[in-house]
Amino acid sequence: MNIFKLKITSPEKEDFLMEVEMDNEGTYLELHNTIQLALAYDRTQMASFFQISDMGERGKEIALFEMSSEDDDNVNIVAMDVAMMREFINKETPQLIYVFDFFSDRYFNIELVGVERRRVAVDAPKITLFKGETPEQIVMDFDSLEDFDLDGVDLKSATKRDKDFDFMDEFDDDSEEGPKFENLDDYEDIL
């Protein structure tokens, strides 16, 4: 059995370091849950892992939920609960990022620092090292709207759609204001 040794760091907190050992057959959902529990984060927030190219670009997404439909051919998104560790991280592509805050695009760097062959599998991801200050999670919920000044705003009318309003009518104005063009030569005459 191959055991992956992962190093997790934060671009925000230089002193933060967490090392995890897990079975290469383990899922990304198991790693996600381990990170969330260890850092006491709210697990109801969206999160995803992304493969990282040599150029630092995001590749395949390993998302918390299956987000594609049967008609969607988007093969760049895989669900965490079915994606095994060995499928998306290895010696050739040892880098991932784990986006834990979608609204602010905050993430952890994950690096495969070693693979150890063992006779016995690791039942669940195991944290072998944890030090430094944990980056704070920003939780987005409707209660946070209390911080915004909404005095004098009628939210019902602001979100109600006028059924008689036709967006295209704004462009169908036949008034005599402004220059009229029959061809491009007319436009050049104005310039």
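Residues numbered from 1 in each chain as written. Predicted model: local features only at pLDDT ≥ 70, side-chain atom pairs only at ≥ 80, totals over all residues. Heavy atoms only, no water.

S.K.: What exactly am I supposed to notice about the confidence of the model for the protein chain here?
M.R.: Interpretation of the predicted coordinates at a detailed level should be avoided for regions scoring low in pLDDT. Averaged over the protein chain, the pLDDT score is 79; the fraction of residues at 70 or greater is 68%. The secondary structure element of the protein chain with the lowest average pLDDT is helix H3 (residues 155-159), at 41, and the one with the highest is strand E2 (residues 17-23), at 97. Counting contacts from residues 153-171, a segment whose pLDDT is below 50, to residues more than four positions away or on other chains yields two contacts. (pLDDT = per-residue confidence, 0-100. Helix = DSSP H or I, 4+ residues; strand = E, 2+ residues; numbered from the N terminus. Contact = heavy atoms within 4.5 Å.)

S.K.: I keep staring at a nonpolar patch on the surface and nothing clicks. Help me out?
M.R.: Taken together, the side chains of Met46, Phe65 and Phe102 make up a nonpolar region of the molecular surface, amounting to roughly 280 Å² of accessible area. Residue placement: Met46 occurs in the loop between helix H1 (28-38) and strand E3 (48-52). By relative accessible area, which is 33% here, Met46 ends up partly exposed. (Patch = residues over 30% accessible without salt bridge, like charges linked within 9 Å, V, L, I, M, F, W, Y side chains within 5 Å. Areas by Shrake-Rupley, 256 points an atom, 1.4 Å probe, with all protein chains shown as cover. Salt bridge = Lys/Arg side-chain N within 4 Å of Asp/Glu carboxyl O. Buried < 20%, exposed > 50% of the residue type's maximum accessible area, 1.4 Å probe, protein only.)

S.K.: For this particular structure, what's the right way to read the sheet that holds strand E1 (residues 2-9)?
M.R.: Backbone hydrogen bonds are what pair the strands of a sheet, in a parallel or an antiparallel way. Reading across the sheet, the eight strands line up as E5-E4-E3-E6-E7-E1-E2-E8 and stay open at both edges, with mixed pairing between neighbours. Here the strands that pair on one side only, and so sit at the sheet edges, are strand E5 (77-79) and strand E8 (126-131). Averaged over all neighbouring strand pairs, the angle between strand axes comes to 25°, with direction disregarded. Bridge count between E3 and strand E6 (residues 95-101): four bridges; the pairing is antiparallel. Along E6, the bridge assignment pairs Gln51 with Leu96. (Pairing = 2+ DSSP bridges. Axes fitted to C-alpha atoms, helices over the stretch in contact; angles between N-to-C directions.)

S.K.: Where do I start with the pairing of E3 in this structure?
M.R.: Every regular strand shows the same layout, with side chains that alternate between the two sheet faces. Judged by how many residues are buried, E3 sits mostly within the fold: four of five residues are covered. Strand direction decides the pairing type here: E3 and strand E4 (residues 58-63), joined by four bridges, are antiparallel. What sits directly across from Ile52, in E4, is Arg58. Hairpin geometry of E3 and E4 is characterised by an intervening segment of five residues between the two adjacent antiparallel strands and by a positive phi of about 85° at Gly56.

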